[in-house]
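# Structural overview
What follows is the residue order along each chain.
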Amino acid sequence: MGMDTTLVMDNVQHFIDQQNKVDLKYKPRGKAAEFDYGVYHDLAAINDWITNITTVYADKAKVIEVGKSFEGRPIRLIQIDTGKVQQKNGFFMEGGIHAREWISPATVIYMTGQMLDLYGTDAKITDIVDSYTWYILPVFNVDGYEYTWTKDRNWRKTRSKHGLCHGVDPNRNWDYEWCKGGASKEPCSDTYCGPSAFSEVEVKAVSDFINSHKGTIKAFIDFHSFSQLWMTPWGYTKDLPTDYTQLNAGAKAACDALEVDYGTKYQHGNIADIIYVASGSSADWTYGAEKIKYSYAVELRDTGNMGSYCQPTRFFHLERKH
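Described in the following lines is the structure provided in the data block. Owing to the predicted nature of the structure, the values given are computational and were not obtained by experimental measurement. Sequence order as written defines the numbering, with residues in each chain counted from 1. Thresholds applied to this predicted model are a pLDDT of at least 70 for local features of residues and 80 or more for the giving and counting of side-chain atom pairs; totals over whole chains, interfaces and linings are not thresholded and use all residues. Computation of side-chain values covers all heavy atoms of the structure but excludes hydrogens and water.

### Re the packing of helix α2 (residues 43-56) against helix α3 (residues 103-117)
To keep things clear, this is the line we draw: Helix axes are fitted to C-alpha atoms over the stretch in contact, other axes to C-alpha atoms as well, and angles between N-to-C directions run from 0 to 180 degrees. Labels follow the DSSP assignment, with helices taken as runs of H or I lasting at least four residues and strands as runs of E lasting at least two, numbered in each case from the N terminus. Here the angle decides the label: under 35 degrees means roughly parallel, over 145 means roughly antiparallel, 65 to 115 means roughly perpendicular, and every other value means oblique. Whether a crossing is left-handed or right-handed is set by the direction in which the near helix is turned from the far one by less than a right angle, anticlockwise for left-handed and clockwise for right-handed. Note on contacts: a residue pair qualifies if any of its non-hydrogen atoms lie within 4.5 Å across the two residues. In this count, Pro and Cys sit with the nonpolar residues alongside Ala, Val, Leu, Ile, Met, Phe, Trp and Tyr, while Asp, Glu, Lys and Arg are called charged and the others, Gly among them, polar.
Packing of α2 against α3 brings their axes to within 12 Å, and their N-to-C directions diverge by 15°. Our classification of the angle between α2 and α3 gives roughly parallel. As α2 packs across α3, the resulting crossing turns out to be left-handed. Contacts between α2 and α3 involve Ile46, Trp49 and Ile53 from the first element and Ile109, Thr112, Gly113 and Leu116 from the second. In the contact of α2 with α3, the residues fall into five nonpolar, two polar and no charged.

Here is the structure:
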């Protein structure tokens, strides 16, 4: 067909095996556990970190359990509020909605650590943290994430049961233009939209939390991987939303900043055009149903191109004082 190809990896399994050698042996536990931001962590280690960091910074951070997963695991969110936000404008970030995209929770965790550890010492970070009440969900799809560590590294969906198949794509399950283009009604599909909108308890719990802050959350980012894209609604259609000019300007500013700091080149545009049509997504719901104007979906780069983005950084959270 006249298409050119470029080989990116000649043996994916080799990289999975090498990654597991590093990550599976590194499982810090205990209240004084050292946390390494430069490796991936299983769900138990991440929950330890959430407890540790919110204990150290209890004056500005706390844990909120927004609900339980299908298999009964807590879905834990970190709220950061320094008390200096005048109008209580909120900023919501989530990672790990797709279980196998490990760089997503790792990136959200890294950013949260920087926001708290460098608050008061880095002027830019201090200003950013003071500008919003932050709602940060490191691992959205907790059951699926655990499953990628114990059973199937490439698992994407939740773990609910549907006939002979398991799981729903939690980024096709939101109640806005649900199960139209780019979603499947086949339970075994990786893009299965579910038997109904908000059928997944995880999606319902997070959406209920966002809805309970209706009108106050001003920005939303759902982190995925990987493609190096900063995307705006809509996902369900190639038609552009009313606020596209401003949304895309925000995306361009983010891409430009990333290139200045790290040399990486991200593309920006609406989801349906820049990657593919995907209905029932989180960004479409937050923008369309909740009227959160600055709603984005970000496809991060892969760890093979990390550069200086997330070098291994260690903190003893319960022993480190400012």
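That covers the picture; the talk isn't over yet.
### Quick notes on the pattern of salt bridges
Keep this limit in mind: Salt bridge, as applied in this entry: a Lys or Arg side-chain nitrogen positioned within 4 Å of an Asp or Glu carboxyl oxygen. Accessible area is worked out with a 1.4 Å probe on protein chains only. A residue is then buried under 20% of its type maximum, exposed over 50%, and partly exposed in between.
A complete count under the given rule lists twelve salt bridges for this structure. Between Arg73 and Asp143 there is a salt bridge, and its shortest N-O distance comes to 2.8 Å. With a gap of 70 residues between them, Arg73 in the loop between β2 (61-68) and β3 (74-80) and Asp143 in helix α5 (residues 142-150) connect regions that are remote in the sequence. Its relative accessible area of 24% is what places Arg73 among the partly exposed residues. Lys180 serves as the salt-bridge partner of Glu177, at 2.4 Å between the closest nitrogen and oxygen. Lys180 sits in the partly exposed class, given a relative accessible area of 49%. Through salt bridges that share partners, Glu71, Arg73 and Asp143 make up one connected network.

### Some words on the state of the cysteines
To keep it simple, the criterion reads: The criterion for a disulfide is a pair of cysteine sulfur atoms lying within 2.5 Å.
Scanning all chains against the criterion turns up two disulfides. Put simply, Cys165 and Cys188 are joined by a disulfide, and their sulfur atoms are 1.7 Å apart. Placement of Cys165 in strand β7 (residues 165-166) and of Cys188 in the loop between β7 and α6 (201-212) is noted, with a sequence separation of 23 residues between them. Judged by its relative accessible area of 10%, Cys165 is buried. When the bonded cysteines of the chain are counted from the start of the sequence, the pairing works out to 1-3, 2-4.

### Describing a nonpolar patch on the surface
The condition is simple: Patches here are clusters of residues that have more than 30% relative accessible area and form no salt bridge, with a 9 Å joining cutoff for like charges and a 5 Å cutoff for nonpolar side chains (Val, Leu, Ile, Met, Phe, Trp, Tyr). Per-residue accessibility takes into account occlusion by the displayed protein chains alone, with areas from the Shrake-Rupley method and a 1.4 Å probe.
On the surface, Val8, Met9, Val12 and Phe15 cluster together into a nonpolar patch covering about 390 Å² of accessible area. Relative to the elements of secondary structure, Phe15 occurs in helix α1 (residues 12-23). Note on Phe15: relative accessible area 42%, which makes it partly exposed.

Just distances and angles here, no functional claims.
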